[in-house]
Amino acid sequence: MNAFTLIASQVLVLALGAGITAQFIRRGAGSVATVSGYGYALGSVAMTLVLRALSAIGIAWSFWLAASIAAALTIAAFARAQRRWRDAPPAVADNFAAWQRWLVVLLWALICVHVGFALVEALLRPLFPWDAAAQWATKARVWFQYRRIVPFVDDMTWIGLTGDVFTDAHPSYPGTVPLFQVWAALAWGSFDDAAVNVGWPLFLAAAALGIYGGLRRLAFAPLPAVAVAYVVTSLPFVDVHAALAGYADLAVAVVYAFAWLAFAAWTRERTVRNGALTLLCALCLPLLKTPGWVWLATLLPGIAALYLTPRVLRWVAAGGAVVALGVVLYASYVRPIVIIGYQIAPQHARVIDALLSNFFLFANWHLLGFLLPFAVLAARRALFVPLMLPVTVLAGTAVAALIIVFFFTSASAEGVGAYTTVNRAALHVIPALVVYVAILWHEYWRMRAAAADSAAMAAA
Amino acid sequence: MTPAMVADSVDVAPKPSTRSAIVWRALGLIAIAAALVALVALALAGARWRASGSTLEWTGDRFNVAGGQASSRDGALVIERSDARGAFIAALPTARFDAVDYAAIEIDVSRLPERMPIAVFWRSRLTGDTTFSHPADIDTGRGVRAQLDRDPNWKGPINGIGVIVAGGAARGVSIDAVRAVGASPSAMALDALRSWFRLETWNNQSINVVFLGGQYQAFPFTLFVALVTLLALVGWFAWQRRSAWPVVAGGALVIVFASWIALDLRWLANLGRVEAQTVTTLAGKSWRDKRLAAQDGPLFAFIEKVRERVTERPGRVFFSSDDAWIRVRGGYHLLPFNTLSIAYHRNLFETSRYRPGDWICFYGRRGVVYDPGKQLLSWDGGPPLKAELIVASDGGTLYRVLPP
């Protein structure tokens, strides 16, 4: 048990996830990057399901047993995917200019620098950030020791119990992220709280690959696809969550962005496989963190938009807005409503100040605070074209959910004004929003080019 | 789409010569926008265009102690006690410069308690023996700053400056350096550049927000680059309004990309230096040495002793400290023992909830009283609990609950 088995554990996770993702992806431009990026993220979650299953049937975890099961599942998944991939025509090689090739290389090099820095930090520094030691790695540390999942309860319950029952700051938080660390610790052979963090920088690498591949599947050329991947991986707040490992937010952000990309492909191709990949990513969200339920729910209006006529959709949107307003008014003036631990009501914290500082003055998001609204405004003609409409509905719902979190929940008082929540909540959505704006601009560019072609033909 | 837009869009792929021209024009526009934004910022910040002084800096140990007591350590002046009126006063009578050339005095201080007031004072040849003071109430990240350019008494040839640390409990506060910040455009620009690229290491807030000095700076780098970008984009759209769509969009992308790269290189420069520190302090160390070298190393060392004793007779472990971060870290280091350490408050359960064999561990916690003769432990004035003291070292104690 050493660095070799630690590397093997992560390669196995990648292979398992790649086998799963390959079930849903057609061979073509970006397919290998997609399978790799999605593969690592989905494989990490799948590996935790293997550990959960072993624990549920009472078998103590060991690296080799879990690895053998994962390897068998990987072989089965690849065997199933192989025929479809073998029969599909290979991707056509891209033909692009030398300057574009140089830029692509430069951007990949910059992505590697970001991932490299995060990897150095994560592997050298023992577990550092606050919540990681308060409520995430606590479970990992105990479960690794027991080689199974043992219960965590709140302190008032814990004080009256005996036996192998534990407590921490948030005993009800999902076990997936702690199980990422357990898996690495099983491979390492002991609970070294630096080595167990290997997954976080790899999630950053997976984000780059998955976004690049996902955009290539949407007919992006290599340069804009890698540029978008670079934009996401270069965001300081994203890098921090990869380097100072231990929180669930980066994994939520990556998987949510992957769900949006798969959804965009579903919108274009209307294939069951893309729909299944979207749902698979979406279902991982609540496994990673409780607010994942909210982000899962934001996909529903987008999916509805796939099948409803625009007229019906307008009515549904108006109805949804009325219901949301009704819920806020009811919670404010009749009876408080608590959703996933947060009370719904208008907040009096200085949310605007916090948002302005964090998006326009501090270094968290580079220029996104300025550029995202500007980019959406500039490409507004493409917002509601048929290929964009469902994705726009999804993006609008996610932004609305974020606005509700910031302005109408107790999360505002607890963490927005003091900066403890504002960026972490935004992190869940920002990579997906970057992807959305890229798709919007791609569509807008296509519209302008098509118009230019038409004009040229008319002139001829 | 209007006919004009369609006509604009005909030329979809710019030729290489055009492409090169787009890039150079866009970059030139960024340079012009950067110069304009910088000039406006300097004007708004009160730069004195005819001033010539560059920033002056004095280490703390060059100051004489005029009130209280202090010692020199590594170039800094470390306060040992305040004077009878509760103030510590340090003066540098040899400081000579013209007030018109300098806009502010910055004091780099370490270990300064929150809300402890600091002020600067000075004498001017124009006002004879009269001493003037001004509060240093702007946080700079490394200390505090007194903005003096609008103080009516900040005038003429300055012959002596000083620092007052008020509030009484100044023991341990270190005055590392004092700077007179130049008011000339070049000094102010250099000052801003230094501030933008100052190293920001990991801290307990890093996981929640990446400031890179933005919380202290009057004009953060992100805002500067954003304004330059927006100005350059507006200029580009106005300049190229009659050009084809790919030219307009291509130039805009060049502007955005260049700005993004500028911000990213600043971030990578900071991250790279942080990683260099990480490698220097942690690489090649054993598992144990890494933890001892970490921010909570002393706590880890204490918990090691606790773990030895708890391992001999395992039981539930209760951990408490006055400091929330210590509670979180202490509870974590004690795992996988069955540990309770409440992150949100320092209170423990009432004594009736403890069982013989439980362990109670305190680290940096006030209000704990132990009577070794009677083996009675109590905290915060509550009823006592029968317990034996097992470990007492490094600011922490470990007790084992005994049968009543």
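J.: An account of the overall build of chain A is requested, with residue identities and associated values reported.
T.: Within chain A one finds 19 helices and four strands. Judged by the C-alpha coordinates and their principal axes, chain A covers about 85 × 60 × 40 Å. By the burial criterion, 58% of the 460 residues in chain A qualify as buried. Long-range contacts, defined as pairs at least 24 residues apart, comprise 77% of the intrachain contacts of chain A with a sequence gap of at least 6. Carbon and sulfur atoms make up 70% of the accessible area of chain A, which amounts to about 17,800 Å² in all.

J.: Give me the lowdown on the sheet that holds strand E17 (residues 376-379) of chain B, citing residues and values where you can.
T.: Residue and element names in this part refer to chain B. If you trace the seven strands from one edge of the open sheet to the other, you get E14-E13-E15-E19-E18-E17-E16, paired in mixed fashion. Of all the strands in the sheet, the pair left with one neighbour each is strand E14 (339-340) and strand E16 (368-371). Where strand E15 (residues 359-363) and strand E19 (residues 396-401) come together, five bridges link them in antiparallel fashion. Bridge pairing in E19 places phenylalanine 362 opposite threonine 397. Set on the sheet, helix H7 (residues 297-312) makes contact with strand E13 (317-320), E15, strand E18 (385-393) and E19; between it and E15 the angle comes to about 165°.

J.: Describe in detail the packing of helix H11 (residues 249-269) of chain A against helix H12 (residues 272-288) of chain A, supporting the description with residues and values.
T.: Residue and element names in this part refer to chain A. One can describe the packing of H11 onto H12 by two numbers: an axis separation of 8 Å at closest approach and a directional angle of 160°. As judged from the angle between their axes, H11 and H12 are roughly antiparallel. Crossing handedness for the pair H11 and H12: left-handed. Across from Ala251, Val252, Val255, Tyr256, Phe258, Ala259, Ala262, Phe263, Ala265, Trp266 and Glu269 in H11, the residues of H12 making contact are Asn274, Gly275, Leu277, Thr278, Cys281, Ala282, Cys284, Leu285 and Leu288. Residue composition of the contact of H11 with H12, by class: 16 nonpolar, three polar and one charged.

J.: I'd like a description of the packing of helix H2 (residues 31-56) of chain A against helix H8 (residues 199-217) of chain A, backed by residues and values.
T.: All names here are of chain A. Across the interface, H2 lies against H8 with an axial gap of 6 Å and an inter-helix angle of 140°. When the axis of H2 is compared with that of H8, the two are oblique. H2 and H8 meet at a crossing whose hand is left-handed. Counted together, Ala33, Thr34, Ser36, Gly37, Tyr38, Tyr40, Ala41 and Ser44 of H2 and Gly199, Leu202, Phe203, Ala206, Leu209, Gly210, Tyr212, Gly213, Gly214 and Arg217 of H8 form the full contact between these two elements. Classifying every residue of the contact of H2 with H8 gives nine nonpolar, eight polar and one charged.

J.: Describe the interface of chain B and chain A, and please don't skip the residues or the numbers.
T.: Buried accessible area, meaning the area lost when the parts come together, often serves as the stated size of an interface. Across the contact, 73 residues belong to chain B and 81 residues belong to chain A. Of the roughly 6,900 Å² buried between chain B and chain A on both sides combined, carbon and sulfur atoms contribute 71%. It is Ile207, Trp245 and Trp260 of chain B in chain B that bury the most area against chain A; as a group they hold 13% of the surface buried on that side. The interface formed by chain B and chain A contains two salt bridges. The salt bridge partner of aspartate 193 of chain A is arginine 291 of chain B, with a shortest N-O separation of 2.3 Å. When residues in the side of chain B that touches chain A are grouped by element, the largest group, 20 residues, is from helix H5 (residues 245-282) of chain B. Within the side of chain B that touches chain A, the residues separate by chemical class into 46 nonpolar, 16 polar and eleven charged.

J.: So what's going on with the environment of proline 93 of chain B? Which residues, and what values?
T.: Within the secondary structure layout, proline 93 of chain B lies in strand E5 (residues 88-98). Apart from residues lying up to four places away in sequence, proline 93 of chain B is in contact with Asn64, Asn159 and Gly160 of chain B.

J.: Before we move on, can you summarise the domain arrangement of chain A with the specific residues and values?
T.: All names here are of chain A. With domains assigned, chain A is organised as domain 1 (2-247) and domain 2 (289-459). A straight line from the C-alpha centre of domain 1 to that of domain 2 covers 26 Å. At the junction of the two partners, domain 1 supplies 19 residues and domain 2 supplies 17 residues. Carbon and sulfur atoms make up 82% of the surface buried where domain 1 meets domain 2, a total of about 1,500 Å² over both sides. For domain 1, the biggest contributors to the area lost against domain 2 are Phe220, Leu235 and Phe237; these three give 34% of the whole. One can count one salt bridge joining domain 1 with domain 2. Of all the secondary-structure elements, those providing two or more residues to the side of domain 1 that touches domain 2 are helix H5 (130-146), H8, helix H9 (222-234) and helix H10 (236-243). Partitioned by chemical class, the residues of the side of domain 1 that touches domain 2 number 16 nonpolar, two polar and one charged.

J.: How would you summarise the packing of aromatic side chains if you had to cite specific residues and measurements?
T.: Aromatic rings considered in pairs are described by the distance between their centres and by the relative angle of their planes. Taken as a whole, this structure holds 45 aromatic pairs over all chains when the rule is applied. Residues phenylalanine 221 of chain B and phenylalanine 224 of chain B carry aromatic rings whose centres are separated by 6.4 Å and whose planes lie at 25° to one another, so their mutual orientation is stacked. Here the residue phenylalanine 221 of chain B and the residue phenylalanine 224 of chain B both occupy positions in helix H4 (residues 221-239), the gap between them amounting to three residues, near one helical turn. You'll find phenylalanine 221 of chain B and phenylalanine 224 of chain B in the same group, each marked buried. Here the aromatic residues Trp158 of chain A together with Phe318, Tyr354, Phe362, Tyr370, Trp379 and Tyr399 of chain B are joined through ring pairs into a cluster of three or more. Just above the ring of phenylalanine 128 of chain A sits the side chain of arginine 125 of chain A; from NZ or CZ to the centre is 5.6 Å. Taking NZ or CZ as reference, arginine 448 of chain A lies 4.2 Å from the ring centre of tryptophan 245 of chain B, over its face.

J.: Which residues make up the pattern of salt bridges, and what are the values?
T.: Taken as a whole and assessed by the stated rule, the structure comprises 29 salt bridges over all chains. Between glutamate 443 of chain A and arginine 446 of chain A there is a salt bridge whose closest N-O contact spans 2.6 Å. Taken together, the residues glutamate 443 of chain A and arginine 446 of chain A, both in helix H19 (residues 422-459) and three residues apart, mark about one turn of the helix. For the salt bridge of glutamate 304 of chain B with arginine 288 of chain B, the shortest nitrogen-to-oxygen distance reads 2.7 Å. Placement of glutamate 304 of chain B in helix H7 and of arginine 288 of chain B in helix H6 (residues 287-293) is noted, with a sequence separation of 16 residues between them. On the basis of relative accessibility, which here comes to 22%, the residue glutamate 304 of chain B falls in the partly exposed class.

What counts as what
- Residues numbered from 1 in each chain as written.
- Chains lettered and ligands numbered in written order.
- Predicted model: local features only at pLDDT ≥ 70, side-chain atom pairs only at ≥ 80, totals over all residues.
- Heavy atoms only, no water.
- Helix = DSSP H or I, 4+ residues; strand = E, 2+ residues; numbered from the N terminus.
- Buried < 20%, exposed > 50% of the residue type's maximum accessible area, 1.4 Å probe, protein only.
- Contact = heavy atoms within 4.5 Å.
- Areas by Shrake-Rupley, 256 points an atom, 1.4 Å probe, with all protein chains shown as cover.
- Pairing = 2+ DSSP bridges.
- Axes fitted to C-alpha atoms, helices over the stretch in contact; angles between N-to-C directions.
- Parallel < 35°, antiparallel > 145°, perpendicular 65-115°, else oblique.
- Left-handed = near helix turned anticlockwise from the far one by under 90°.
- Nonpolar A, V, L, I, M, F, W, Y, C, P; charged D, E, K, R; others polar.
- Buried area = accessible area lost by both parts, 1.4 Å probe.
- Salt bridge = Lys/Arg side-chain N within 4 Å of Asp/Glu carboxyl O.
- Domains from an automatic or database assignment.
- Phe/Tyr/Trp six-rings, centres within 6.5 Å; stacked < 30°, edge-to-face > 60°.
- Lys NZ or Arg CZ within 6 Å of the ring centre and 35° of its normal.

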